[in-house]
Amino acid sequence: MILRVTKYGEPILREVGATVTEFNAELAQLANDMVATMYDAEGIGLAAQQVGKALQLCVVDVRPPEGSEISFNYNYDARQPPLDLFMPLVICNPKISIIDEQQDVYEEGCLSFPGVNGKVNRPIGVRCQFQDVQGNPHTLEADGLLGRCILHEVDHLNGELFIDRMDKRDLKKNEAKIKRLKRESRDFLKQRG
Ligand code: NI
């Protein structure tokens, strides 16, 4: 099922997600729906807050289009399996450590901010310890697009948004769009009652 994606201005996006404790059929269904919603919106990551749930749960799929090369390095449970074997990734209860502090800048977008793009600085290398949808523990190390996507999604799980980290000049350029989103969300919430 395709879920509605929450927009900037909806308070859920600022909520810290609760730890996932029940690895049951309901969680599997939510994760499936989040993956379907991410594909439908043509995104590469989606956090639970973006479908209206404050949970430590996000999904990621950064597989390049068929025939394109993978532009990042990764290590999944100390191996390099093909991406198809572990993507779409369902990440529960992630714990992040930075393994390469060097910063890289890249233009990011976010499905909760349609039309807003801007440069965001992030560390290059990340280690993410998490549980899959069945509760099994995994460790994923990644740089490049995958590392960045994980950091962006894990920020969501902590109520943090890419505009908090955006280059100040780019933020200024997007100011009007961001204000409009906030206004539209306020109207939406009022209407819904
Ligand atoms: Ni986002």
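You'll find the structure just up there.
K.L.:
Describe the sheet that holds strand β4 (residues 89–108), and please don't skip the residues or the numbers.
P.N.:
Strand order across the open sheet formed by six strands is β1-β2-β4-β5-β6-β3, with antiparallel pairing between neighbours. Looking at strand neighbours, the two that pair on one side only are β1 (45–47) and β3 (74–76), the edges of this open sheet. Averaged over all pairs of adjacent strands, the angle between their axes in this sheet comes to 30°, without regard to strand direction. Judged from the six bridges that link them, strand β5 (residues 118–131) and strand β6 (residues 137–142) form a sheet pairing that is antiparallel. By the bridge assignment, Gln131 is partnered in β6 with Pro137. Across the sheet, helix α1 (residues 25–40) lies against β1, β2 (57–60) and β4, angled at about 40° from β2, the strand it touches most. Strand contacts of helix α2 (residues 144–157): β1, β2, β3, β4, β5 and β6, with the helix running at about 120° to β4, the strand carrying the most contacts.

K.L.:
Explain α1 residue by residue, including any values.
P.N.:
Along an α-helix, residues three or four positions apart point the same way, because every turn accommodates 3.6 residues. Between the first and last C-alpha of α1 there are 22 Å, a value that for 16 residues agrees with the 22 Å anticipated at 1.5 Å per step. All buried positions along α1 are accounted for by Leu27, Leu30, Ala31, Asp33, Met34, Val35, Thr37 and Met38. Here the buried face of α1 lies against β1, β2 and β4. Looking one or two residues past α1, Glu42 carries a phi angle of roughly 55°, positive in sign.

How each quantity is defined
- Residues numbered from 1 in each chain as written.
- Predicted model: local features only at pLDDT ≥ 70, side-chain atom pairs only at ≥ 80, totals over all residues.
- Heavy atoms only, no water.
- Pairing = 2+ DSSP bridges.
- Helix = DSSP H or I, 4+ residues; strand = E, 2+ residues; numbered from the N terminus.
- Axes fitted to C-alpha atoms, helices over the stretch in contact; angles between N-to-C directions.
- Contact = heavy atoms within 4.5 Å.
- Expected span 1.5 Å × (residues − 1).
- Buried < 20%, exposed > 50% of the residue type's maximum accessible area, 1.4 Å probe, protein only.

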